[in-house]
Amino acid sequence: MTAKENTFFCIDMKTFYASVECAERGLNPFETNLVVADLTRGTNALCLAISPKMKAQGIRNRCRLSEIPSSIKYIVAPPRMALYQKYTAKIYGLYLKYFDHADIHTYSVDESFIDVTGYLNTYNKTPKELAKFIMDLIMEKMWIPSTVGIGTNLYLAKIALDITAKHSKDHIGYLNEELYRETLWDHKPITDFWQIAKGTAQRLEKRGILTMRDLAHYPEEPLYKLFGINAELLIDHAWGRESCRMCDIKNYKPKSKSVSFSQILPRDYAYEEAKTVMIEMAYNGCRELMKRKVITRKVWVGIGYSRDR
């Protein structure tokens, strides 16, 4: 890494809801079988989160209680969204002890970006040493395990978190543009990459684009006809480029004062599953309104159905 390169962290709390519930009970999430689910919905209740130990046993996240093998004994914790928000606020408070708020962007309840470019010399640490320091701090103070992606831009930090860090023993991933192209250009599925949803992947596949290498070398004009201005983002990301900086996020002023969230589901969801997603999106909306210190008179919900329905 050269002195001229920027350095960004993307920090994620591992199985956040389940880890919080373990922390509240004084339990190690890597040694405890725990699921977050509403038992009042019966054995078919959807698990909002499962502990890392259960993941290690092959249990998939967002499973139903009935899908967990009877041979596995586990604790069921009812969801407590207000508690999880408090933990998020406390973790943000830890960040503020070492970084200015202008260099921190809260991406979701359990994930944040930090521009650490100007702090490496201040704390006399390499990017990995600083990441390890923050991870240890969160574990020491909050008992929450975390994963960190390190990148020379915001996009690469996110990809380092989502793809690279998962295969690292220290739960830290690092990418610059060169390393990204060397190691992930042929990675499949392409939906593992940030902001490439299933629908986008299907449209790309029809044109023979299955990897980021394919996308990077595909003629640009057809992509602009297909995706409009969004093609620019896809092309930049295919090469590992990202022009957005932390100051751009902080200075962004939306034309509309509305708060909106959207989510494309990976498959057809049953009623209870879709209801859980709607509740989570509602909590996110309330959190955003509180952050902006505003209220609303109107709430609108739109639902689209798959072609098979």
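Note that the structure is a prediction, hence the values are computed from the model and not measured.

Asks: In this structure, what is going on with the sheet that holds strand β8 (residues 172–175)? I would like to understand it.
Replies: Strand pairing in a sheet is mediated by backbone hydrogen bonds. Such pairs are either parallel or antiparallel. Reading across the sheet, the five strands line up as β5-β6-β1-β7-β8 and stay open at both edges, with mixed pairing between neighbours. Each end of this open sheet is capped by a strand with a single partner; those strands are β5 (104–108) and β8. Between one strand and the next, the sheet's axes are offset by a mean angle of 20 degrees, whatever the strand orientation. For strand β1 (residues 8–13) and strand β7 (residues 146–151), the ladder comprises six bridges, and the chain directions are antiparallel.

Asks: Help me out: how do you make sense of helix α5 (residues 127–142) in this one?
Replies: Owing to its 3.6 residues per turn, the α-helix brings residues three or four apart onto one side. The end-to-end C-alpha separation of α5 is 22 Å, in line with the 22 Å expected for 16 residues at 1.5 Å each. Residues of α5 that are buried include every one of Pro127, Leu130, Ala131, Ile134, Met135, Leu137, Ile138 and Met142, and no others. Down the axis of α5, the buried set is contained in an arc of 155 degrees. They therefore lie on one face. Trp143 sits one or two positions beyond α5 and adopts a positive phi of about 60 degrees.

Asks: So what exactly am I meant to see when it comes to the pattern of salt bridges here?
Replies: Opposite charge on two side chains makes pairing possible when the charged atoms of those side chains draw close. In this structure the tally under the stated criterion is 14 salt bridges. When the shortest N-O distance is used, the salt bridge between Glu21 and Arg80 registers 2.7 Å. Note that Glu21 is positioned in helix α1 (residues 16–24) and Arg80 in the loop between β4 (75–77) and α3 (81–96), a separation of 59 residues in sequence. Overall, the relative accessible area of 0% leaves Glu21 in the buried class. Using a relative accessible area of 36% as the deciding quantity, one classes Arg80 as partly exposed. Among the ionic pairs, Asp186 bridges to Arg213, the shortest N-O distance being 2.8 Å. Note that Asp186 is positioned in the loop between α7 (177–184) and α8 (198–205) and Arg213 in helix α9 (residues 212–216), a separation of 27 residues in sequence.

Asks: Honestly, the sheet that holds strand β2 (residues 34–36) in this entry has me stumped. Any pointers?
Replies: One open sheet accounts for three strands, arranged β3-β2-β4; its pairing is mixed. Two strands in the sheet have a free side with no partner beyond their single neighbour: β3 (49–50) and β4. Where β2 and β4 come together, three bridges link them in parallel fashion. Note that in β4 the partner of Leu34 across the bridge is Ile75. In the packing of α1 onto the sheet, the strands contacted are β2, β3 and β4, and the crossing angle to β2 comes to about 120 degrees.

Asks: How should I be thinking about the packing of aromatic side chains in this particular structure?
Replies: The geometry of two aromatic rings is summed up by the distance between their centres and the angle between their planes. Across all of its chains, the model carries 13 aromatic pairs by this definition. Ring plane angle 50 degrees and centroid distance 6.2 Å describe the contact between Phe16 and Tyr17, whose orientation is recorded as tilted. Accessibility classification places Phe16 together with Tyr17 in one group, the buried group. Three or more aromatic residues joined by ring pairs make a cluster, and in this case those are Tyr107, Phe113, Tyr155, Tyr180, Phe193 and Trp194. The ring of Tyr87 carries the charged tip of Lys90 above its face, separated from the ring centre by 5.9 Å.

Asks: I'm lost on the packing of α3 against α5 in this one. Help?
Replies: Packed helix pairs are specified by the crossing angle of their axes together with the interaxial distance, meaning the distance between the axes. Two elements in contact, α3 and α5, have axes whose closest approach is 11 Å; the angle formed by their N-to-C orientations is 135 degrees. Considering their axes alone, α3 and α5 lie oblique with respect to each other. The two elements α3 and α5 cross, and the hand of that crossing is right-handed. From α3, Tyr87, Lys90, Ile91, Leu94 and Tyr95 reach across to α5, where they touch Ile134, Leu137, Ile138, Lys141 and Met142.

Asks: Teacher, can you tell me more about the nonpolar core here?
Replies: As a rule of thumb, soluble globular proteins bury nonpolar side chains together. Counting residues in hydrophobic clusters, the biggest one holds 40 residues, and the most contacted among them are Phe16, Tyr95 and Ile138. For this core, the secondary structure elements donating two or more residues are β1, α1, β2, α3, α5, β7 and β8. One finds Ile159, Ile196, Ala201 and Leu223 within the second-largest nonpolar core, a separate group that totals 33 residues.

What counts, and at which threshold
Residues numbered from 1 in each chain as written. Predicted model: local features only at pLDDT ≥ 70, side-chain atom pairs only at ≥ 80, totals over all residues. Heavy atoms only, no water. Pairing = 2+ DSSP bridges. Helix = DSSP H or I, 4+ residues; strand = E, 2+ residues; numbered from the N terminus. Axes fitted to C-alpha atoms, helices over the stretch in contact; angles between N-to-C directions. Expected span 1.5 Å × (residues − 1). Buried < 20%, exposed > 50% of the residue type's maximum accessible area, 1.4 Å probe, protein only. Arc of directions from axis to C-beta. Salt bridge = Lys/Arg side-chain N within 4 Å of Asp/Glu carboxyl O. Contact = heavy atoms within 4.5 Å. Phe/Tyr/Trp six-rings, centres within 6.5 Å; stacked < 30°, edge-to-face > 60°. Lys NZ or Arg CZ within 6 Å of the ring centre and 35° of its normal. Parallel < 35°, antiparallel > 145°, perpendicular 65-115°, else oblique. Left-handed = near helix turned anticlockwise from the far one by under 90°. Core = buried A, V, L, I, M, F, W, Y, C linked by side-chain atoms within 4.5 Å.

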